[in-house]
Amino acid sequence: MVRLRLDLGYDGTDFSGWARQPERRTVQGELEDALGKILRLEEVSLTVAGRTDAGVHARGQVAHVDLPVTALGELERNRRRGEPPAEESVDERLATLLRRLAGVLPPDVRVHRVSVAPEGFDARFSALSRRYVYRVHDAPGGVDPLRRHEIVWHTRPLDLDAMIAGAAHLLGEHDFAAFCKKREGATTIRELQRLEWVRTDSGVLEATVVADAFCHSMVRALVGCLLAVGDGRRPVEWPAQVLAGAVRDSGVHVAPAHGLCLEEVGYPADDELAARAAATRRVRTLTP
């Protein structure tokens with residue numbers, strides 16, 4: 001077997017999220033079907049760094065797949081259309097796979113790079129961080145129509161300084177149960193490393209959110225909480241009060257999915273990948 005790393009991006013508009021679901025179009029489903037078709041495999045199973053929800057985009061998503069080494073031989077035969085294949089390097093075969101994926105996949109999902117994963121690499125558990133950016137605009141006339149699938153229009157004016165102040169109370173390692181959809185057996189303890197708001201030259205407000213990992217709906221719940229601060233419906237101290245409650249707060253509205261994009265997944269050096277994966281698999285508790 002060989003483990004391949006796939007670096008990819010997608011427009012989440014027409015997908016029911018990352019994870020394969022019966023009778024629904026998903027990113028995982030499109031990729032696994034494409035790999036199966038190209039490599040003539042009945043079953044392909046991808047592991048992803050972060051499962052994105054329906055409508056959420058990705059520019060820097062990472063996944064891995066374990067394949068029989070013999071499956072890569074299909075790339076030589078397919079490329080040469082039945083002629084006796086000359087010996088090719090692994091890099092040449094992976095370059096062929098990348099080109100064939102571009103021809104088979106729909107235009108709203110693209111694999112940018114395929115490589116042999118280093119020893120100990122796990123797309124999900126080896127990750128040190130995930131970086132998301134949420135984009136929202138409060139222009140009275142609405143969002144640029146050419147960017148309507150990636151920027152949310154907020155109908156009230158937003159106070160950037162208030163949102164920055166509210167975000168400062170959320171940094172660090174906490175139980176983010178107030179901002180997560182609870183799943184049986186899963187911890188809601190996370191280390192929020194960065195939560196920064198800026199207003200770009202075009203007037204778009206961007207929230208950069210970085211953590212070692214995120215629980216379900218956490219980023220959009222954090223953004224929704226801070227938007228309520230930014231438009232004056234809640235005081236600057238409110239996000240800290242919600243966090244301290246440690247239970248899902250009905251006052252926190254999850255921000256729309258299409259404003260969110262997974263921009264980057266960070267990994268340690270190759271010789272630290274296995275140790276990081278082992279550490280991540282341990283269920284975390286807060287240190288008193």
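Our structure's up above, just so we're on the same page.
The numbers attached to residues start from 1 for each chain and follow its sequence in the written order. Totals for whole chains, interfaces and linings use every residue, but because this is a predicted model, local features are given only for residues with pLDDT of at least 70 and side-chain atom pairs only at 80 or more, for both listing and counting. Only hydrogens and water are set aside when side-chain values are computed; all heavy atoms of the structure are taken into account.

1. Describing the state of the cysteines
Logical step 1: Our working definition of a disulfide is a cysteine sulfur pair at a distance within 2.5 Å. Applying the stated criterion to the full structure yields one disulfide.
Logical step 2: The residue that forms a disulfide with C180 is C215, at a sulfur-sulfur distance of 1.7 Å. Note that C180 is positioned in the loop between β7 (172-175) and β8 (189-199) and C215 in the loop between β9 (205-211) and α5 (218-230), a separation of 35 residues in sequence.
Logical step 3: On the basis of relative accessible area, C180 is assigned to the buried category, the value being 3%.
Logical step 4: Summary of cysteine pairing: C225 is not part of a disulfide, and the nearest cysteine sulfur, belonging to C180, is at 13 Å.
Logical step 5: Since its relative accessible area comes to 0%, C225 is described here as buried.
Logical step 6: Here C261 stays free of any disulfide, with the sulfur of C215 as its closest cysteine sulfur at 19 Å.
Logical step 7: Categorising residues by exposure relies on relative accessible area from a 1.4 Å probe, with only protein chains included: less than 20% of the type maximum marks a residue as buried, more than 50% marks it as exposed, and the intermediate range marks it as partly exposed. For C261, a relative accessible area of 6% corresponds to the buried category. Only runs of H or I of at least four residues qualify as helices and only runs of E of at least two qualify as strands under DSSP, and these elements are numbered from the N terminus.

2. Re the nonpolar core
Logical step 1: We define a nonpolar core as any set of buried Ala, Val, Leu, Ile, Met, Phe, Trp, Tyr and Cys residues linked to one another through side-chain atoms lying within 4.5 Å. Membership of the largest hydrophobic core comes to 78 residues, with the highest contact counts inside it found for L4, L97, F179 and W197.
Logical step 2: Broken down by element, the residue count for this core peaks at nine residues, all from α5.
Logical step 3: In what follows, a contact means two residues having at least one pair of non-hydrogen atoms within 4.5 Å. Residues within four places of F179 in sequence aside, it is in contact with L170, H216, S217, M218, A221, L222, C225, P239, V242, L243, R248 and V252.

3. Points about unusual backbone geometry
Logical step 1: Of note, the phi angle at E23 is positive, near 65°, even though the residue is not glycine.
Logical step 2: Given the relative accessible area of 84%, E23 is considered exposed.
Logical step 3: The phi torsion at A246 lies on the positive side, around 60°, for a residue other than glycine.
Logical step 4: Following the sequence through the fold, A246 ends up in the loop between α6 (238-245) and β10 (260-266).

4. So, the side chain of S115
Logical step 1: On the secondary structure map, S115 appears in strand β4 (residues 109-116).
Logical step 2: Beyond its immediate sequence surroundings of up to four residues, S115 is in contact with R3, L4, R5 and L94.

5. Quick notes on the pattern of salt bridges
Logical step 1: Any carboxyl oxygen of Asp or Glu that lies within 4 Å of a side-chain nitrogen of Lys or Arg is treated as forming a salt bridge with it. Within this structure, the stated rule accounts for 17 salt bridges.
Logical step 2: The salt bridge partner of E263 is R59, with a shortest N-O separation of 2.7 Å. With E263 in strand β10 and R59 in strand β3 (residues 57-67), the pair connects residues that are 204 residues apart, well separated along the chain.
Logical step 3: Overall, the relative accessible area of 46% leaves R59 in the partly exposed class.
Logical step 4: Because the salt bridges share partners, they merge into one network encompassing R59, R135, E206 and E263.

6. Here's the deal with the side chain of H57
Logical step 1: Following the sequence through the fold, H57 ends up in strand β3.
Logical step 2: For H57, a relative accessible area of 8% puts it in the buried group.
Logical step 3: Separated by 2.8 Å, the side chain of H57 and the backbone nitrogen of G12 make a polar contact.
Logical step 4: Non-local contacts of H57, meaning those with residues more than four positions away in its chain, are made with Y10, D11, G12, T13, T52, H149, E150, H258, L260, C261 and L262. Definition of a polar contact: a pair of N or O atoms within 3.5 Å, with one able to donate and the other able to accept a hydrogen when the atoms are protein atoms, and with sequence-neighbouring residues admitted only if both atoms are side-chain atoms.

7. Digging into helix α3 (residues 90-104)
Logical step 1: The terminal C-alpha atoms of α3 lie 21 Å apart, and with 15 residues this matches the ideal 21 Å at 1.5 Å per residue to within 8%.
Logical step 2: All of the buried residues along α3 are R93, L94, T96, L97 and L101. Projection of α3 onto a plane perpendicular to its axis shows the buried side chains occupying an angular sector of 155°, all on one side. Seen from the open side of α3, the exposed residues pointing more than 90 degrees away from its buried face are D91, R99 and G103. Take the residue count of a helix, subtract one, and multiply by 1.5 Å to get its expected span. The reported arc concerns the directions from the helix axis to the C-beta atoms and nothing else.

8. Considering the environment of F214
Logical step 1: As for its position among the elements, F214 is in the loop between β9 and α5.
Logical step 2: Taking C-alpha positions, F214 is 28 Å from L35, a pair spaced 179 residues apart along the chain.
Logical step 3: Discounting residues that sit within four places of it in the chain, F214 has contacts with R130, Y132, R190, L192, V209 and V219.

9. Remarks on the packing of helix α4 (residues 160-168) against α5
Logical step 1: Here α4 crosses α5 at 135°, and the two axes come no closer than 8 Å. On the basis of their axis angle, the class for α4 and α5 is oblique. Where α4 crosses over α5, the two elements pack in a sense that is right-handed. Where α4 approaches α5, its residues A162, M163, G166 and A167 are matched on the opposing element by L226, L227, V229 and G230.
Logical step 2: Its residues assigned to classes, the contact of α4 with α5 comprises six nonpolar, two polar and no charged. Angles run from 0 to 180 degrees between N-to-C directions of axes, and those axes are lines fitted to C-alpha atoms, restricted for helices to the stretch in contact. For classification, angles of less than 35 degrees are called roughly parallel, those exceeding 145 degrees roughly antiparallel, those between 65 and 115 degrees roughly perpendicular, and all remaining angles oblique. Less than a right angle of anticlockwise turn of the near helix away from the far helix marks a crossing as left-handed, whereas a clockwise turn marks it as right-handed. In this count, Pro and Cys sit with the nonpolar residues alongside Ala, Val, Leu, Ile, Met, Phe, Trp and Tyr, while Asp, Glu, Lys and Arg are called charged and the others, Gly among them, polar.

10. Here's the deal with the environment of L128
Logical step 1: Along the chain, L128 falls in the loop between β4 and β5 (129-137).
Logical step 2: Classification of L128 by relative accessible area gives partly exposed; the value is 36%.
Logical step 3: Between the C-alpha atom of L128 and that of A277, which follows or precedes it by 149 residues, the distance is 9.3 Å.
Logical step 4: When near neighbours in sequence (up to four residues on either side) are disregarded, L128 contacts Q193, A211, D212, G266, Y267, P268 and R276.

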